[in-house]
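Notes for the structure review
One letter stands for each residue in the lines below.
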Amino acid sequence: MPQPKGAYQSLFTQVKHDTGLSVDVNWVDHNTFQQNISTYLQGNPQDVFNWFAGERMQFFAGQNLLHDVDDVWASIGGNYTDAMKAQSKGSDGHYYFVPFDYYPWAVYYSKSLWKAKGYAEPTTWDEFIALAKKMKTDGLIPIAFTDKDGWPAMGTFDYLNMRINGFDFHINLMRNGDQWNSPQVKAVFDQWTQLLPYYSPGALGLTWQEGAQQLLNQQAGMMVLGLDQIGTIFTGPKAADLGFFAFPEINPQFGQDSVEAPIDGFMMSASPKNHTGAVKLLEYLGTAKAQQFWLGSNPADIATANGVDAAKYTQAQADSVTLIQKASHISQFMDRDTRPDFADPVLLPAIQQFLNNPGDVASITSSIDKQAKSIWASNG
């Protein structure tokens, strides 16, 4: 179970109260768990563990490292939309995932700063760039951007690709790995170069928390990030100051039809020691009651199940629901929509190389393409 512990400890106390189940929890640092999950699942895993929807779930289902949870879904199916159901199935049509919480990626800002400066939310790329220019003139860092961690930049690539080339191209690129040296992908990096003059100085040496602080302290005007991250920085009285807008339209054919909204949830390992208890726990976690209880101490996510009392949401949470419900397509995030043996080892350093040398696009896309073809060919 990746941290944070507090909300989950309270939740598992509630599980005991409501179901009689005692949950023996193995706490693991989030990044460590992500990097070692293959070894973990092949060893002696817990019966139920926290993970991600999309390709990340399907990858392990395809390796027979998961137990299907069709029996759980027979009980919880009415709690979920068709989109959530689709995100919970493996390629064989069986359910392997119980969605628990999710959150959108968007362009975040401080409402009070924008009000003081008279800024308006842009909907098109030209408006976005014009606003960034104005912010720079006003002495602000237009876009808080930090990529010491490697993954934050992935969200910007995803949005640029979906806005320029459309959702279907983006998902096929992530899942098939065979278009990386195409004009479409080069166009994404070329578009991205237009944003670089407006980024935080020394971005590759800064953590996402440092970027979020630039936003909170009103040194920066905007930031492309997930609510799951930024919501932990804008807390208490500051929570109401957090505003956001959908990543702007670039190609009118696709508009703003796609939202990046990673879904976190739970899966069952292939050979659970207590199958009946695991099913019972997952059935409970798939209810609005369980998710609402957990969200009581977490303003940075929204529940996946229907029936949650939205009146208890912060304004940012309520606005997130609206943003996601308006979308025609939901992506999961680059390192969730593609293979784990491709995302971090190949794409993460390639994007950092681009940020260091934006004139090097042709050789970067060529290199990604070669590595992708090799990984897909050798791993099927």
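Check the entry above for the structure.
Thresholds, definitions, all that
Residues numbered from 1 in each chain as written. Predicted model: local features only at pLDDT ≥ 70, side-chain atom pairs only at ≥ 80, totals over all residues. Heavy atoms only, no water. Helix = DSSP H or I, 4+ residues; strand = E, 2+ residues; numbered from the N terminus. Rg over C-alpha atoms; globule rule 2.2 N^0.38 Å. Buried < 20%, exposed > 50% of the residue type's maximum accessible area, 1.4 Å probe, protein only. Contact = heavy atoms within 4.5 Å. Areas by Shrake-Rupley, 256 points an atom, 1.4 Å probe, with all protein chains shown as cover. Lys, Arg positive; Asp, Glu negative; His and termini not counted. Charge placed at Lys NZ, Arg CZ, Asp CG, Glu CD. Phe/Tyr/Trp six-rings, centres within 6.5 Å; stacked < 30°, edge-to-face > 60°. Lys NZ or Arg CZ within 6 Å of the ring centre and 35° of its normal. Core = buried A, V, L, I, M, F, W, Y, C linked by side-chain atoms within 4.5 Å. Pairing = 2+ DSSP bridges. Axes fitted to C-alpha atoms, helices over the stretch in contact; angles between N-to-C directions. 1 Å grid on protein atoms, 1.4 Å probe; cavity = no way out; pocket = protein on both sides within 12 Å on 5 of 7 lines; lining within 4 Å. Points joined across faces, edges and corners; volume = space filled by probe spheres on them. Nonpolar A, V, L, I, M, F, W, Y, C, P; charged D, E, K, R; others polar. Salt bridge = Lys/Arg side-chain N within 4 Å of Asp/Glu carboxyl O.

**Brief notes about the overall build of the chain**
- The number of helices and strands found in the chain is 18 helices and 11 strands.
- Relative to a compact globule of 380 residues, whose C-alpha radius of gyration would be 21 Å, the chain shows 21 Å and is just as compact.
- Seen along its three principal axes, the alpha-carbon backbone of the chain occupies a region of about 60 × 50 × 35 Å.
- Counting over 380 residues, the chain shows a buried share of 56%.
- Residue pairs in contact within the chain that sit at least 24 positions apart in sequence constitute 73% of those at least 6 positions apart.
- Summing over all exposed atoms, the chain offers an accessible surface of approximately 15200 Å²; the carbon and sulfur share of this is 48%.
- On the chain, the mean spot of the 25 positive side-chain charges and the mean spot of the 38 negative ones are 4 Å from each other.

**Comments concerning the packing of aromatic side chains**
- A complete count under the given rule lists 27 aromatic pairs for this structure.
- Between the aromatic rings of Phe128 and Phe245, the centroid separation amounts to 6.3 Å while the plane-to-plane angle is 75 degrees, which identifies the pairing as edge-to-face. Remark: Phe245 occurs in strand β7 (residues 242–245) and Phe128 occurs in helix α7 (residues 125–137); sequence separation between them is 117 residues.
- Classification of Phe128 by relative accessible area gives buried; the value is 1%.
- Judged by relative accessible area, Phe245 falls into the buried class, the value being 4%.
- When the ring of Tyr159 is compared with that of Phe247, the centres are 5.2 Å apart and the planes differ by 0 degrees; the resulting orientation is stacked. Taken together, the positions of Tyr159 in helix α8 (residues 152–165) and Phe247 in the loop between β7 and β8 (258–260) put the pair 88 residues apart, joining distant regions of the chain.
- A relative accessible area of 1% places Tyr159 in the buried class.
- Pairwise contacts between aromatic rings join Tyr109, Trp114, Tyr119, Trp125, Phe128, Tyr159, Phe245 and Phe247 into one cluster.
- One residue, Arg339, lies across the ring of Trp376, its end atom 5.6 Å from the ring centre.

**What about the nonpolar core?**
- By size, the foremost hydrophobic cluster in this structure holds 131 residues, and its most contacted members are Leu11, Phe157, Trp180, Trp192, Met222 and Ile230.
- With 8 residues, helix α17 (residues 340–356) is the largest single contributor of residues to this core.
- Setting aside chain neighbours within four positions, we find Phe157 in contact with Leu173, Met174, Trp180, Val188, Phe189, Trp192, Met334 and Ile351.

**Details of helix α9 (residues 167–176)**
- Regarding α9, the residues found buried are Phe167, Phe169, His170, Ile171, Leu173 and Met174.
- After α9 finishes, the residue Gly177 shows a positive phi value of roughly 65 degrees.

**As for helix α11 (residues 208–216)**
- Among the residues making up α11, those that are buried are Trp208, Gly211, Ala212, Gln214, Leu215 and Leu216.
- Those residues of α11 hidden inside the fold are in contact with β4 (105–110), β5 (141–143), α8, β6 (220–226) and α12 (227–230).

**Side note on the pairing of strand β9 (residues 263–269)**
- Burial within β9 is extensive, with 7 of its 7 residues counted as buried.
- Sheet topology places strand β1 (residues 48–52) next to β9; 5 bridges connect them, and they run antiparallel. Bridge pairing links Phe49 to Met267 in β9.
- Pairing analysis gives 2 bridges linking strand β2 (residues 66–67) to β9, with the strands arranged antiparallel. When the bridges of β9 are listed, His67 appears paired with Met268.
- As paired strands, strand β3 (residues 98–102) and β9 are joined by 4 bridges and run antiparallel to one another. Opposite Tyr102, over in β9, you have Ile263 as the bridge partner.

**Digging into the sheet that holds β7**
- Ordered by their spatial adjacency, 4 strands build an open sheet running β5-β6-β4-β7, and the pairing between neighbours is mixed. On the outer flanks of this sheet lie β5 and β7, each paired with one strand and no other. Neighbour-to-neighbour, the strand axes of the sheet open up by a mean angle of 35 degrees, direction not taken into account.
- The pairing of β4 with β7 spans 4 bridges and is antiparallel.

**Quick notes on the layout of surface pockets**
- In this structure, the second largest pocket occupies an estimated 580 Å³ of space.
- Surrounding the second largest pocket, 30 residues form its lining, Thr81, Ala83, Met84, Tyr102 and Ile330 being those nearest its centre.
- Put simply, the parts of the chain that give the lining of the second largest pocket at least two residues each are α5 (82–86), α9, α15 (315–326) and β11 (329–331).
- Taken together, the residues of the lining of the second largest pocket sort by class into 16 nonpolar, 12 polar and 2 charged.

**Side note on the pattern of salt bridges**
- Summed over the entire model, instances satisfying the criterion amount to 8 salt bridges.
- Between Lys289 and Asp18 there is a salt bridge, with the nearest N and O atoms lying 3.0 Å from each other. With Lys289 in helix α14 (residues 288–295) and Asp18 in helix α1 (residues 5–19), this pair connects stretches of sequence that are 271 residues apart.
- A residue is classified by how much of its surface remains accessible, and Asp18, at 27% relative accessible area, is partly exposed.
- Two residues, Lys273 and Asp47, come together in a salt bridge whose shortest N-O distance is 3.9 Å. Of this pair, Lys273 sits in the loop between β9 and α13 (275–285) while Asp47 sits in the loop between α2 (30–42) and β1, and the two are 226 residues apart along the sequence.
- Under the relative-accessibility criterion, Asp47 is labelled buried at 16%.

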